[in-house]
Amino acid sequence: MIDLANLIPPALTLAGIALVSLICQLMAWRLRLPAILFLLLSGIICGPVLGMINPDEFLGDLLFPIVSLCVALILFEGSLTLKFEQLKETGPVVRRLVTVGALVTWGVISVACYWLIGLDVALSALFGALVVVTGPTVVVPMLRTLRATPRISKVLRWEGILIDPIGALLAVLVYEWIVSQAAGHNGFMASLLIFVEVIGVGTIAGILGGFVMATAMRRHWIPEYLEVLASLTLVLVMFAVSNEIAHESGLLTVTIMGIWLANAKGIDIEEILVFKEHLSVLLISGLFILLAARLDLDALLALGLPALALLAVIQFVARPLAVWISSIGSELTWPERAMVAWVGPRGIVAAAVSALFALRLEQAGYEDAALVSALTFAVIIGTVVFQSATARSVASLLKVTEPERRGILLIGANQVSRALGEVLQRLEVPLLVVDTHWDSIRQARMKGLRTLRGNPLSATVDSNLDLAGLGTLLTLTPEREWNALLNQHFRRDFPGHRIFTVRNERAGANERLQISSKHEGLPFGQEGMTFSKLSSLVSQGARFKATTLSEGFSYEQWQQDAGKTRIALMALTPERRLRILSPGLELVPEAGWTLIYLATSQDEKPGDTAALVARRENGQSEEAAKPALPDPQ
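Below is a summary of the structure that appears in this document.

**Re the overall build of the chain**
Within the chain, the secondary structure is distributed over 27 helices and 10 strands. Buried residues in the chain amount to 55% of all 633 residues. The contacts in the chain between residues at least 6 apart in sequence include a share of 76% that link residues at least 24 apart.

**Regarding a negative patch on the surface**
Taken together, the side chains of Glu224, Asp268, Glu270 and Glu271 present a region of like negative charge at the surface. In this fold, Glu270 is placed in helix α15 (residues 270–293).

**Digging into the pattern of salt bridges**
Under the criterion given, the structure shown has six salt bridges. Glu159 is paired through a salt bridge with Arg319; the nearest N and O atoms lie 2.7 Å apart. Of this pair, Glu159 sits in helix α11 (residues 150–183) while Arg319 sits in helix α17 (residues 305–326), placing them 160 residues apart in sequence. When its relative accessible area of 5% is taken as the criterion, Glu159 is described as buried. When the shortest N-O distance is used, the salt bridge between Glu575 and Arg577 registers 3.8 Å. With a relative accessible area of 41%, Glu575 lands in the partly exposed category.

**A few points about a nonpolar patch on the surface**
A surface patch of nonpolar side chains, amounting to about 550 Å² of accessible area, comprises Val111, Tyr114, Trp115, Leu116 and Val121. Residue contributions to the nonpolar patch peak at four residues, all from helix α8 (residues 100–116). Looking at the secondary structure, you find Trp115 in helix α8.

**Quick notes on the pairing of strand β10 (residues 594–599)**
Moving residue by residue along a regular strand, the side chains alternate between the two faces of the sheet. Of all six residues that make up β10, six are buried, and the element is covered over most of its length. The alternating pattern of β10 places Thr594, Ile596 and Leu598 and Leu595, Tyr597 and Ala599 on opposite faces, both of which are buried. In the sheet, strand β7 (residues 543–548) pairs with β10 via six bridges, with the strands oriented antiparallel. Note that in β10 the partner of Phe544 across the bridge is Leu598. Pairing of strand β8 (residues 566–572) with β10, which is carried by six bridges, proceeds in the antiparallel orientation. If you follow Ile567 over to β10, its bridge partner there is Leu598.

**Points about the pairing of β8**
By the criterion of burial, β8 is predominantly enclosed, with seven of the seven residues buried. As defined by bridge partners, β8 adjoins strand β9 (residues 578–580) across three bridges and the pair is classed as antiparallel. By the bridge assignment, Leu572 is partnered in β9 with Leu578. Hairpin geometry of β8 and β9 is characterised by an intervening segment of five residues between the two adjacent antiparallel strands and by a positive phi of about 70° at Arg576.

**Here we look at the packing of aromatic side chains**
In total, this model carries eight aromatic pairs according to the counting rule given. Note on Tyr114 and Trp115: the rings are 5.6 Å apart at their centroids and 85° apart in plane angle, and the pair reads as edge-to-face. The class for Tyr114 is partly exposed, based on a relative accessible area of 38%. Judged by centre distance (5.8 Å) and plane angle (65°), the rings of Phe316 and Trp342 are edge-to-face. Of this pair, Phe316 sits in helix α17 while Trp342 sits in helix α18 (residues 334–342), and the two are 26 residues apart along the sequence. The structure contains a cluster of three or more aromatic residues connected by ring pairs, namely Phe316, Trp342 and Phe386.

**Considerations on the sheet that holds β8**
The strand order across the open sheet formed by four strands is β7-β10-β8-β9, and the pairing between neighbours is antiparallel. Of all strands in the sheet, those with a lone pairing partner are β7 and β9, marking the two edges. Between one strand and the next, the sheet's axes are offset by a mean angle of 30°, whatever the strand orientation. Taken strand by strand, helix α26 (residues 555–562) contacts β7, β8 and β10, and its axis lies near 155° from that of β8.

**Here's the deal with the packing of helix α9 (residues 121–130) against helix α19 (residues 348–363)**
Here α9 crosses α19 at 155°, and the two axes come no closer than 10 Å. Looking at the two axes, α9 sits roughly antiparallel to α19. Between α9, through Leu123, Leu126 and Leu130, and α19, the contact on the second element is made entirely by Ala350, Val353, Ser354, Phe357 and Leu361. The residue inventory of the contact of α9 with α19, partitioned by class, reads seven nonpolar, one polar and no charged.

**Some thoughts on the packing of helix α5 (residues 63–79) against helix α13 (residues 224–245)**
At a minimum axis distance of 10 Å, the contact between α5 and α13 shows a crossing angle of 120°. On the basis of their axis angle, the class for α5 and α13 is oblique. Judged by the twist between their axes, the crossing of α5 over α13 is right-handed. Seen from α5, the contacting residues are Ser68, Leu69, Ala72, Leu73 and Phe76; seen from α13, they are Leu232, Val235, Leu236 and Phe239. Classifying every residue of the contact of α5 with α13 by side-chain character gives eight nonpolar, one polar and no charged.

**Brief notes about the side chain of Ser42**
Structurally, the position occupied by Ser42 is in helix α3 (residues 35–49). Look at Ser42 and you get buried, because its relative accessible area is 15%. Sequence-distant contacts of Ser42, defined by excluding residues within four places in its chain, comprise Val20 and Cys24.

**What about the nonpolar core?**
One broad trend across soluble globular proteins is that nonpolar side chains are buried collectively. Judged by nonpolar contacts, the single largest core of 145 residues is most densely connected at Leu75, Phe127, Leu251, Phe288, Met339, Phe357 and Leu375. Setting aside chain neighbours within four positions, we find Leu75 in contact with Ala168, Val172, Leu251, Val254, Thr255, Val349 and Val353.

**Some words on α9**
Of all 10 residues in α9, eight are buried, a share of seventy percent or more. Measuring from the side-chain oxygen of the N-cap residue of α9 to the backbone nitrogen of Ala122 gives 3.2 Å; that N-cap residue is Asp120.

**Digging into unusual backbone geometry**
The phi angle of most residues is negative, glycine excepted, and most peptide bonds adopt the trans form. Although it is not a glycine, Lys399 adopts a positive phi angle of roughly 60°. For Lys399, the location among the structural elements is in the loop between α20 (369–398) and β1 (407–411). Lys399 sits in the exposed class, given a relative accessible area of 73%. At Arg576, a position not held by glycine, the phi torsion is positive, near 70°. Counting through the fold element by element, Arg576 comes out in the loop between β8 and β9. With a relative accessible area of 36%, Arg576 lands in the partly exposed category.

Analysis parameters
Residues numbered from 1 in each chain as written. Predicted model: local features only at pLDDT ≥ 70, side-chain atom pairs only at ≥ 80, totals over all residues. Heavy atoms only, no water. Helix = DSSP H or I, 4+ residues; strand = E, 2+ residues; numbered from the N terminus. Buried < 20%, exposed > 50% of the residue type's maximum accessible area, 1.4 Å probe, protein only. Contact = heavy atoms within 4.5 Å. Patch = residues over 30% accessible without salt bridge, like charges linked within 9 Å, V, L, I, M, F, W, Y side chains within 5 Å. Areas by Shrake-Rupley, 256 points an atom, 1.4 Å probe, with all protein chains shown as cover. Salt bridge = Lys/Arg side-chain N within 4 Å of Asp/Glu carboxyl O. Lys, Arg positive; Asp, Glu negative; His and termini not counted. Charge placed at Lys NZ, Arg CZ, Asp CG, Glu CD. Pairing = 2+ DSSP bridges. Phe/Tyr/Trp six-rings, centres within 6.5 Å; stacked < 30°, edge-to-face > 60°. Axes fitted to C-alpha atoms, helices over the stretch in contact; angles between N-to-C directions. Parallel < 35°, antiparallel > 145°, perpendicular 65-115°, else oblique. Nonpolar A, V, L, I, M, F, W, Y, C, P; charged D, E, K, R; others polar. Left-handed = near helix turned anticlockwise from the far one by under 90°. Core = buried A, V, L, I, M, F, W, Y, C linked by side-chain atoms within 4.5 Å. Polar contact = N/O pair within 3.5 Å; in protein donor to acceptor, adjacent residues only side chain to side chain.

What follows is the structure in structure tokens.
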């Protein structure tokens, strides 16, 4: 067989890895599947199958330090998302899943690995710790196609976010124990002392690094534009120094450093987190192709049925048992528990950390260390493929999918959005308001609206964005280009006929400077309605209101009574489906529909009285006709 790895120039190899990484990410985006699946499969094809990449020969002595530094950055980025206050907000089920549930999963998988695969106790315990982690990068794409109920989505999403650093910390501790035993030649006490030394140095160095970085940011010792560079540099320095003081303590150092920064008061780590996300995508995309190219397929395939049996134990024993114990006494129904138990794909942290530990343990003389990494990759591929293929059918069988996405995603928390959101919330329409400005989000929260602060194009917001029950997108910001960009971004989540935007025409602007309407969503409101006009009307006292149509008070009658003082914008069907009135859609509200409109006058009009009389005659509630409270601004 021709050794293709030696025939391909190094520069071309790097360019090829970058190209394959991009193709994998695009395929994952298009098919709504975890990117790690395509990255690992590409690495296996390019490595063991075709022999195009041989990482050990390609990078030589640099392979180990490169992988070490990449994993350190990945763990640091993951630990930046662990805020202790989130543990209080996520509910008892999630807290148990990432603590008691993680320990149960670890124990069951470790025992199964020992009996089925035949690894020794230490490596079995390490493998069990590695595959505890799920992660948002594999869970979120699955949730988007699953369309599970909000409680299921919330549990799975938060578990994936919080288990990343916690599971990684567990794996690091187990690994440190193995290393300390290997280095301790004088029995158990010597190993214990080495373990304590590693944990102590890692903890102290992590706290010190986190404290120094947080203090520097809080006191503005570093200009804002250098904060990202400073944090990246300090992570690498603390990782290297910690390893020099106590061998293998660096991973614990960067994990604790990230957790310290995430929970430090008076600092904003959003810019650091965003940069680390982009860096992690870059590292993960290339790194995992290289790691998968090192897999020993012959050793893995030689396991045969025992490996499949281990995968079955993880899917049908360890996960259900952990979920059952974690959900005792909770409000989750048994179908919801079953669905949570079914979904638990392994992800990025497991692959990265397992590959690094395999490299180090191989150098330490553990012959079966490569098998731990191969098993981990097999579990990742197995759980992602199996659960992606079956989760939707299982959810339908258990009847835990949302019957219809009836809510709305509002981009923009400005005065217009907040006033409109109040009426929608009063009508019990599922709603999520997203904005980057803290003051706007704060005012929306004061009105009781469900909000999320962040850039919708950010990887963090994108992975944490809970779209369960939301079937309509409305961009309500004064920036036309921003609205158009968001509309294009969310076309993967919303169909074209459910994407709407408020127009933002630039009067007198050259046509060459205007953005094409084909990049925008359907127009919101009547012809000629712009954001500036809406904002001006609301500022002058116009209010969003709702009224229910009836046989005696039709939409045509409402239009006649409304004249030019009322602008119809939305309608809610008797089945509670939200419909946007747009010049691009031929939609006529019918009897029984609740009409949402903007009243440009504070005075009560005859139409309100007629609708009220009609509702009373039909025995309907008057609650829908109550106007939204006037916006204080």
